[in-house]
Amino acid sequence: MSVIYLDNNATTKVDPQVIEAMMPYLTEYYANPSSMHTFGGQLAKAVKTAREQVAALLGADESEIVFTSCGTEGDNAAIRAALLAQPEKRHIITTQVEHPAVLNVCKQLETQGYSVTYLSVNSQGQLDLDELEASLTGNTALVSIMYANNETGTIFPIEQIGLRVKERGALFHVDAVQAVGKIPLNMKTSTVDMLTMSGHKIHAPKGIGALYVRRGVRFRPLLIGGHQERGRRAGTENVPGIVGLGKAAELELLHLEEATARERRLRDRLEQTLLAKIPDCEVNGDPKNRLPNTTNIGFKYIEGEAILLLLNKHGICASSGSACTSGSLEPSHVLRAMGLPYTTLHGSIRFSLCRYTTDAEIDRVIEVMPEIVERLRALSPFKNDDAGWLQSQSLVNSH
Amino acid sequence: MWDYTDKVLELFYDPKNQGVIEATGEPGVKVATGEVGSIACGDALRLHLKVEVATDKILDARFQTFGCTSAIASSSALTEMVKGLTLDEALKVSNKDIANYLGGLPEAKMHCSVMGQEALEAAIYNYRGIPLVAHDDDDEGVLICSCFGITDTKIRRVVKENNLTTAEQVTNYVKAGGGCGSCLTKIDDIIKDVEQEVATVSKNSNNGTKTTEILNSGQIATATRPLTNVQKIALIQKVLDEEVRPVLIADGGDVELYDIEGNTVKVILKGACDSCPSSTATLKIAIESRLRDRISKEIVVEAV
Ligand code: FES
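Conventions used here
- Residues numbered from 1 in each chain as written.
- Chains lettered and ligands numbered in written order.
- Predicted model: local features only at pLDDT ≥ 70, side-chain atom pairs only at ≥ 80, totals over all residues.
- Heavy atoms only, no water.
- UniProt positions renumbered as here; feature names shortened; annotations may be inferred.
- Helix = DSSP H or I, 4+ residues; strand = E, 2+ residues; numbered from the N terminus.
- Rg over C-alpha atoms; globule rule 2.2 N^0.38 Å.
- Buried < 20%, exposed > 50% of the residue type's maximum accessible area, 1.4 Å probe, protein only.
- Contact = heavy atoms within 4.5 Å.
- Areas by Shrake-Rupley, 256 points an atom, 1.4 Å probe, with all protein chains shown as cover.
- Axes fitted to C-alpha atoms, helices over the stretch in contact; angles between N-to-C directions.
- Left-handed = near helix turned anticlockwise from the far one by under 90°.
- Nonpolar A, V, L, I, M, F, W, Y, C, P; charged D, E, K, R; others polar.
- Expected span 1.5 Å × (residues − 1).
- Bend = angle between axes of the 7 residues up to and from the residue.
- Salt bridge = Lys/Arg side-chain N within 4 Å of Asp/Glu carboxyl O.
- Buried area = accessible area lost by both parts, 1.4 Å probe.
- Domains from an automatic or database assignment.
- Polar contact = N/O pair within 3.5 Å; in protein donor to acceptor, adjacent residues only side chain to side chain.
- 1 Å grid on protein atoms, 1.4 Å probe; cavity = no way out; pocket = protein on both sides within 12 Å on 5 of 7 lines; lining within 4 Å.
- Points joined across faces, edges and corners; volume = space filled by probe spheres on them.
- Phe/Tyr/Trp six-rings, centres within 6.5 Å; stacked < 30°, edge-to-face > 60°.
- Lys NZ or Arg CZ within 6 Å of the ring centre and 35° of its normal.

With an unreviewed UniProt entry as reference, chain B is termed Nitrogen fixation protein NifU, source organism Nostoc piscinale CENA21. What the UniProt record of chain B gives under Sequence similarities (unreviewed entry) is the line "Belongs to the NifU family." Entered under Function (unreviewed entry) in the UniProt record, the comment concerning chain B runs "May be involved in the formation or repair of [Fe-S] clusters present in iron-sulfur proteins."

The name that an unreviewed UniProt entry assigns to chain A is Cysteine desulfurase, with the source organism given as Nostoc piscinale CENA21. Taken verbatim from the UniProt record of chain A, the Catalytic activity (unreviewed entry) comment is "(sulfur carrier)-H + L-cysteine = (sulfur carrier)-SH + L-alanine".

As structure tokens, this is what we get:
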């Protein structure tokens, strides 16, 4: 049975052209790019080309790109750098729906004397800019806000946020791990100071990422050692990974327009058909400002892990905001922050597409999903709540 | 992806005994239902038992479950396990038995088996007319985990029954500690407490392995471990049914167990007993002394 992979916000397949580009750097070109011999120089050149390719995707300058090992490192490095550069300021603003790579750093910083504001979101996962405005003070060192949410695809108004942040003289970091390659970006005209991206979300391998640092932003490195990356990130470069990321960035830029249009069409067809065929379900997230490849649907009265396992039986990979899949017992912090009712919260499934997704694959999901939902609802005591069990419980998640 | 056994997957993909048992008014048969969990917590189970009144035998069992793979499999397993048992036998089915039937559950999913055991208890107590809130002393106690509404009584019980030694295990079994985590140190304290308690009990007894046992005759074996609430209720019901009620019925009266709070046993006197001016004496002599004799010297009987 072939796999239908609709979990691209988790990770993506490495593009064959990326593998091809990387191969020589895993075999014959093994020198250290910092070495003075010609052999090393060839690798340094390859790293430079990759840096240009990544810069082009972000609309940035080559000198503004720092290669990292992953999105988490980018987020951590940006936050620490911003704080170290302004030791007099002790306040951070972020949102309740960030990735743990930002949230958990902020939580730790709270134990170290920083105060953190976690901006709330509404039922569509959208921010209130007035709340942001009111939170900004002269003491705010950093505002760290994601570009697009990994679970719902909701896109935040980054440039509007940036204008407000700049007015108050704070640094602005954006975790764009989910947005890069799905939204056109141009750092030249942007208010963003630092931006994180990750390779494995754009068909490069895992273990490589990049951090954009605007020229002029005072940066204090997270990793200290040699002089690699112009002193901003010590450690011998992961040359094959960097070359792969460069190639992946080039391909993303090449396909951006046509691929996102295609993904949007497929996503909309999937979403609308499921909504039409299956009663009692709804889309989570901002219907207008949303990534073109993501749909997150809450199927009422049933639980996400059970849905995933039945999908898995048909070779379909998706993801859920349910607690049972995550090893934690609390359902997704993102869906909870949106205040979804419990009837939907536990049964939310995310389908995330990529440029390889086909019409036939979407057809298959449309074919099996109604039957899966029906089957689990037949087991559920809440579906036909004749005894009023559901009614006796508080149904809105007021977290 | 969780590592499930083949049995878990089998019962998930092809659940046995799903659905409702409707009361059909068949003579000599009663349907009992037990509900645990909630949609807020992310798992819930409603268990239906069809009981043959004369024999206390479970003729059929069905379930409705909201929850993950292992919740569905645990519920299905439970229904398979209890069919054909008497209610007293069924009360002895533990969450461990459910997990064993499934060939094991991932540690993090053990709470699904606990939910099964609790639904079974709830159904049987409902059947016996003991109000849920009254039998469930889990809800008394001090609230330890506010995220999941779990009290110290419940944590203590599950720690004891499953020999748990870490807070993480407690989270896996009853969810307490799985939310904000602020209750984890309190859970650690409870575990320490239980460990000490168990250590003293086994030190004080010359044979630490002896446990309370209900013998066929209804007599009680020497106990070195205190009765759990479940055991106590079952036992009281048994003594009432077998030793007290026949005497009262012969006199045109009857008694029904209403509630148990600690050592206070509340009963409803019926028939001749209800209007009998000497009912207090009847209580003291016929019921209280019998229960004291059979179960615990501390028991006090009250009519409601
Ligand atoms: S209080 Fe127990 S997890 Fe939050």
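Moving on from the model shown.
1. Considerations on the overall build of chain A
Across its full length, chain A holds 11 helices and 13 strands. Computed over its C-alpha atoms, the radius of gyration of chain A comes to 22 Å, within 12% of the 21 Å expected for a compact globule of 399 residues. Overall, the C-alpha framework of chain A stretches about 75 × 50 × 35 Å when taken along its three principal axes. In chain A, buried positions account for 60% of the 399 residues. Taking contacts inside chain A between residues at least 6 apart in sequence as the whole, the part at least 24 apart equals 72%. Carbon together with sulfur atoms contributes 52% to the accessible area of chain A, which is approximately 15500 Å² in total.

2. A closer look at the packing of helix α3 (residues 71-85) of chain A against helix α4 (residues 100-110) of chain A
Residue and element names in this part refer to chain A. Contact geometry of α3 with α4 gives a least axis separation of 9 Å together with a crossing angle of 35°. Regarding α3 and α4, the two cross each other, and that crossing is right-handed. For the pair formed by α3 and α4, the contact residues are Thr72, Asp75, Asn76, Ile79, Arg80 and Leu83 on the first element and Ala101, Val102, Val105, Gln108 and Leu109 on the second. Looking at side-chain class alone, the contact of α3 with α4 contains six nonpolar, three polar and two charged residues.

3. A closer look at helix α11 (residues 359-379) of chain A
Residues and elements named next belong to chain A. The first and last C-alpha atoms of α11 sit 31 Å apart over 21 residues, in line with the 30 Å expected at 1.5 Å per residue. Along α11, the sharpest change in direction is near 30° and occurs at Val368; proline Pro370 comes one to four residues later. Within the sequence span of α11, burial applies to Glu361, Ile362, Val365, Ile366, Val368, Met369, Pro370, Ile372, Val373, Leu376, Arg377 and Leu379.

4. Considerations on the pattern of salt bridges
Residue and element names in this part refer to chain B. Summed over the entire model, instances satisfying the criterion amount to 36 salt bridges over all chains. For the salt bridge of Asp60 with Arg62, the shortest nitrogen-to-oxygen distance reads 3.5 Å. Put simply, Arg156 and Asp193 hold a salt bridge, and the shortest N to O gap is 3.1 Å. Taken together, the positions of Arg156 in helix α7 (residues 152-162) and Asp193 in helix α9 (residues 184-204) put the pair 37 residues apart, joining distant regions of the chain.

5. Some words on the interface of chain A and chain B
If you look at the interface, chain A gives 31 residues, while chain B gives 36 residues. Note on chain A versus chain B: buried area summed over both sides is about 2700 Å², and carbon and sulfur give 66% of it. Applying the counting criterion to the chain A and chain B interface returns one salt bridge. The residue A:Glu305 makes a salt bridge to B:Lys109 at a minimum N-O spacing of 2.7 Å. Only α8 (304-313), α10 (342-345) and α11 of chain A provide two or more residues apiece to the side of chain A that touches chain B. The greatest single-element share of the side of chain A that touches chain B, amounting to six residues, is contributed by α8(A). Tallied by class, residues from the side of chain A that touches chain B come to 17 nonpolar, seven polar and seven charged.

6. Some thoughts on the domain arrangement of chain A
Residues and elements named next belong to chain A. Here chain A is partitioned into domain 1 (4-9 + 256-397) and domain 2 (16-252). One C-alpha centre belongs to domain 1, the other to domain 2; they are set 29 Å apart. The contact between domain 1 and domain 2 buries some 2300 Å² in all, and 54% of this surface belongs to carbon and sulfur atoms. If you look at where domain 1 meets domain 2, you find one salt bridge. When the shortest N-O distance is used, the salt bridge between Arg355 and Glu252 registers 2.9 Å. For the pair domain 1 and domain 2, the interface holds 15 residue pairs in polar contact (both at pLDDT 80 or more). Those elements that place two or more of their residues in the side of domain 1 that touches domain 2 are α7 (239-277), β10 (294-299) and α9 (333-337). Among the elements that line the side of domain 1 that touches domain 2, the one with the most residues is α9, at four residues.

7. Observations regarding the layout of surface pockets
Residues and elements named next belong to chain A. Here the second largest pocket is characterised by a volume of approximately 1200 Å³. Every element with two or more residues in the lining of the second largest pocket is listed here: α3, α4, β12 (319-320) and α9. With six residues, the top contributor of residues to the lining of the second largest pocket is α4. Tallied by class, residues from the lining of the second largest pocket come to 12 nonpolar, 22 polar and 10 charged.

8. Quick notes on the side chain of B:Asn162
Residues and elements named next belong to chain B. One can find Asn162 in helix α7. Taking relative accessible area as the criterion, Asn162 reaches 8% and is therefore assigned buried. At a separation of 3.3 Å, a polar atom in the side chain of Asn162 contacts the side chain of Asn95. The contact partners of Asn162, leaving out residues within four places of it in the chain, are Asn95, Lys96 and Tyr173.

9. Points about the packing of aromatic side chains
Enumeration according to the criterion identifies five aromatic pairs over all chains in this entry. Seen from their ring centres, A:Tyr30 and A:Phe39 are 5.1 Å apart, and the 85° between their planes marks the pair as edge-to-face. For A:Tyr30, a relative accessible area of 62% gives the class exposed. In this structure A:Phe39 comes out as partly exposed when scored by relative accessible area, which is 28%. Three or more aromatic residues link up through ring pairs in this structure, and these residues are A:Phe382, A:Trp389 and B:Phe66. The cationic tip of A:Lys13 hangs over the ring face of A:Tyr356; the distance from NZ or CZ to the ring centre is 4.9 Å.

10. Considering the UniProt feature "binding site: [2Fe-2S] cluster" (unreviewed entry) in chain B
Residue and element names in this part refer to chain B. Cross-referencing UniProt, the feature "binding site: [2Fe-2S] cluster" (unreviewed entry) maps to Cys145, Cys147, Cys180 and Cys183 in the present numbering. In terms of the greatest pairwise C-alpha distance, the residues named above, spread along 39 residues, form a tight cluster of at most 9.2 Å across. Tracing the backbone shows Cys180 in the loop between α8 (167-174) and α9. Looking at the element boundaries, Cys183 is found in the loop between α8 and α9. Exposure remark for Cys183: the relative accessible area of 3% places this residue in the buried category. Those residues in contact with Cys183, other than ones at most four positions away along the chain, are Ile144, Cys145, Ala176 and Gly177.

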